[in-house]
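Residues per chain, in single letters:
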Amino acid sequence: MKTRFAPSPTGWMHFGNLRTALFNFLYARKMNYTYMLRIEDTDLARSSHEFATGLEEDLDWLHLEHDEGPFFQSERSSIYEKYYNVLEDYGLAYPCFCTEETLNITRKAQQSAGQPPRYPGTCRNLTKEEVSKKFAAGAKATLRFHVPRDQVIEFVDLIKGSQRFSSNDIGDFIIRRNDRTASFMFCNAIDDAEMGVTHALRGDDHLTNTPRQLMILNALKLPHPEYGHFAMINGLDGAPLSKRNGSQTVRELRAQGYLPLAVLNYLSRLGHYYVSNDFLSLKQLEEQFDLKNISTSPARHDITHLNHWQKEAIMHSSLPEIEALIHPYVYDKIAPNEHAEFTLLVKDNILMPQDVKLWVSAVRDPSLEFSDSDSQILQQTGVDFFCKAKDEIVTNPGINFKELAENMKNLTGLKGKELFMPLRVALTGQSHGPELAKLMNFIPQELRIKRFDTVIEHLSSG
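Heads up: these notes are all about the structure in this document. The model shown is predicted, which means the values in this text are computed figures rather than measured ones. (Residues numbered from 1 in each chain as written. Predicted model: local features only at pLDDT ≥ 70, side-chain atom pairs only at ≥ 80, totals over all residues. Heavy atoms only, no water.)

Remarks on helix 7 (residues 209–219)
Counting buried positions along helix 7 gives nine out of 11 residues, so the element sits mostly inside the fold. Considered for burial, the residues of helix 7 that qualify are Asn 209, Thr 210, Pro 211, Arg 212, Gln 213, Leu 214, Met 215, Ile 216 and Leu 217. Remark: Lys 221 follows helix 7 within two positions and exhibits a positive phi of approximately 55°. (Buried < 20%, exposed > 50% of the residue type's maximum accessible area, 1.4 Å probe, protein only. Helix = DSSP H or I, 4+ residues; strand = E, 2+ residues; numbered from the N terminus.)

Structure (structure tokens):
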């Protein structure tokens, strides 16, 4: 038994095709099937080696390892040609010389008449002599599948259940382009049969392709996979997910610092229900995946849900993993022997790796800027408080935060929030954050003094 992910390398991988890869991968692992990667690159004008390489890099980053492949359709043209010849020999396919301009005119006329746009079979009845004459004159032709009339195509969808289509609603469709490359409709079906794919999960934008592909495979007496079509992803505005309403590529997610398991926990629940709301390992996601739990209604992409799983991924990561993640932002700011301790301190206060820059600045930047609300805290406390705090720092160079707070309590009579908040803002420039007693340990003595000087100057000038 075998599933497959069969992307076209015409762009960077985004949420939609990543979810297709993920669902096929999870199903294969759950059922102990083979998982195959096939690159559908027959569209020569739009396909790119760069995008194909990017697809593999994205899948590797997410640990969605394939058992077979990657196979490239651009290397399989002789196989498709063999089956084209069979269909033509049996009168089940024919060359079509209609230009795109002619087809557009026909479509507009059909739509104006309230008819569905469908190829009218213009070239279906050309004689061999007429066909030969057109080719001799240098005309280019697509190859169309001759759809039989009055047939019912039925199959049981793994997700949607029983499906039924009439061949009379399907016009003769192109199976080979006029540059002699295979169309998706054809090579996708042929390769599934040739490669032994038994289960194909894909978006329901392919649902109307399925009866066409079944007709091709039945005409060639080839086996077909069981198909399952899941609903598409919409943005929060209810429109199909696109760059305009929030879609991102896997490459962009990786660059922003999202963790692989955050993306997988999010996407595996986008249109699929898990009994457990806990953060799950890839193995657990596999074990709990079930086709019966895939919704037939469109899922909605919500960045807040993705960020929830990012926070969970951070919290479930080991200290060395987080240390490696934030290393680019701390390696030349914090002493190497303090990296682990600093990482442990700030771990709960970061969502993305670059968030650590705020806390590096809090303990290393020579000057701080205060928000309006933080400035108000300083003003309400008064300059005398900070003059006394500076004196404590100057006269007691090795003082820790507990001692500083106790001395300031005795000197000013302040306690609780009224004591700790102004000290936090003055020392770090932030009213919230990691444990201040530990954070202060990372602030050098001369910088502590400078911080209070900055506050005193800020209040005096105000």
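Describing the sheet that holds strand 1 (residues 2–5)
The sheet built from three strands is open, its strands ordered 1-2-3 with parallel pairing. The outermost strands of the open sheet, each flanked by one partner alone, are strand 1 and strand 3 (68–72). Looking at each pair of strands side by side, their axes are set apart by 25° on average, direction ignored. Sheet topology note: the strand 1/strand 2 (residues 34–39) ladder contains four bridges and is parallel. Its bridge partner lying in strand 2, Phe 5 is registered against Leu 37. (Pairing = 2+ DSSP bridges. Axes fitted to C-alpha atoms, helices over the stretch in contact; angles between N-to-C directions.)

Topic: the pattern of salt bridges
Throughout the structure, instances matching the rule amount to 22 salt bridges. Measuring nitrogen to oxygen at the nearest pair gives 2.8 Å for the salt bridge that ties Asp 58 to Arg 254. With Asp 58 in helix 2 (residues 49–61) and Arg 254 in helix 8 (residues 250–256), this residue pair connects regions lying 196 residues apart in the sequence. Across the pair Arg 364 and Glu 338 runs a salt bridge whose closest N-O atoms are separated by 3.8 Å. Here Glu 338 lies in the loop between helix 12 (319–330) and helix 13 (339–346) and Arg 364 lies in helix 14 (residues 356–364), a separation of 26 residues in the sequence. (Salt bridge = Lys/Arg side-chain N within 4 Å of Asp/Glu carboxyl O.)

Some points on the pairing of strand 1
Here strand 1 shows no split at all, with Lys 2 and Arg 4 on one side and Thr 3 and Phe 5 on the other all buried. In the classification by handedness, the crossover that spans strand 1, the intervening helix 1 (residues 15–31) and the parallel strand 2 is right-handed. (Right-handed = clockwise from strand over helix to strand, strands pointing away.)

A few points about the sheet that holds strand 4 (residues 93–96)
Reading across from one edge, 4-5-8 is the order of the three strands in this open sheet, with antiparallel pairing throughout. The outermost strands of the open sheet, each flanked by one partner alone, are strand 4 and strand 8 (173–176). The average angle at which neighbouring strand axes cross in this sheet is 45°, direction not considered.

Here we look at the side chain of Asn 245
Structurally, Asn 245 is set in the loop between strand 11 (233–234) and helix 8. Given the relative accessible area of 14%, Asn 245 is considered buried. There is a polar contact of 3.3 Å between the side chain of Asn 245 and the backbone oxygen of Ala 239. At 2.7 Å, the side chain of Asn 245 forms a polar contact with the backbone nitrogen of Ser 242. Leaving out residues up to four positions away in the same chain, Asn 245 has contacts with Gly 235, Asp 237, Ala 239 and Pro 240. (Polar contact = N/O pair within 3.5 Å; in protein donor to acceptor, adjacent residues only side chain to side chain. Contact = heavy atoms within 4.5 Å.)

Focus: the packing of helix 18 (residues 417–428) against helix 20 (residues 445–461)
Running from N to C, helix 18 and helix 20 cross one another at 110°; their axes reach a closest spacing of 8 Å. The angle between helix 18 and helix 20 falls in the class roughly perpendicular. Contacts from Leu 423, Ala 426, Leu 427 and Thr 428 of helix 18 reach helix 20 at Arg 448, Arg 451, Phe 452 and Val 455. The residue makeup of the contact of helix 18 with helix 20, split by class, is five nonpolar, one polar and two charged. (Parallel < 35°, antiparallel > 145°, perpendicular 65-115°, else oblique. Nonpolar A, V, L, I, M, F, W, Y, C, P; charged D, E, K, R; others polar.)

Examining the packing of helix 12 against helix 13
It is at 9 Å that the axes of helix 12 and helix 13 come closest, and there the two elements cross at 100°. Between helix 12 and helix 13, the angle is such that the two are roughly perpendicular. Residues Leu 319, Ile 322, Glu 323, Ile 326, His 327 and Val 330 of helix 12 pack against His 339, Ala 340, Phe 342, Thr 343 and Leu 344 of helix 13. A breakdown of the residues in the contact of helix 12 with helix 13 according to their chemical character gives seven nonpolar, three polar and one charged.

Quick look at the packing of aromatic side chains
For the coordinates displayed, the defined rule picks out 14 aromatic pairs. Each ring, one from Phe 385 and one from Phe 386, has its centre 5.0 Å from the other, and the planes form 80°; the classification is edge-to-face. Both residues of the pair, Phe 385 and Phe 386, belong to the buried class. Ring pairs connect the aromatic residues Phe 23, Phe 230 and Phe 289, which therefore count as one cluster. One cation-aromatic arrangement involves Arg 176 over Tyr 84; the distance from NZ or CZ to the ring centre is 4.9 Å. Between Arg 251 and the ring centre of Trp 12, over which it is positioned, the NZ or CZ distance is 3.8 Å. (Phe/Tyr/Trp six-rings, centres within 6.5 Å; stacked < 30°, edge-to-face > 60°. Lys NZ or Arg CZ within 6 Å of the ring centre and 35° of its normal.)

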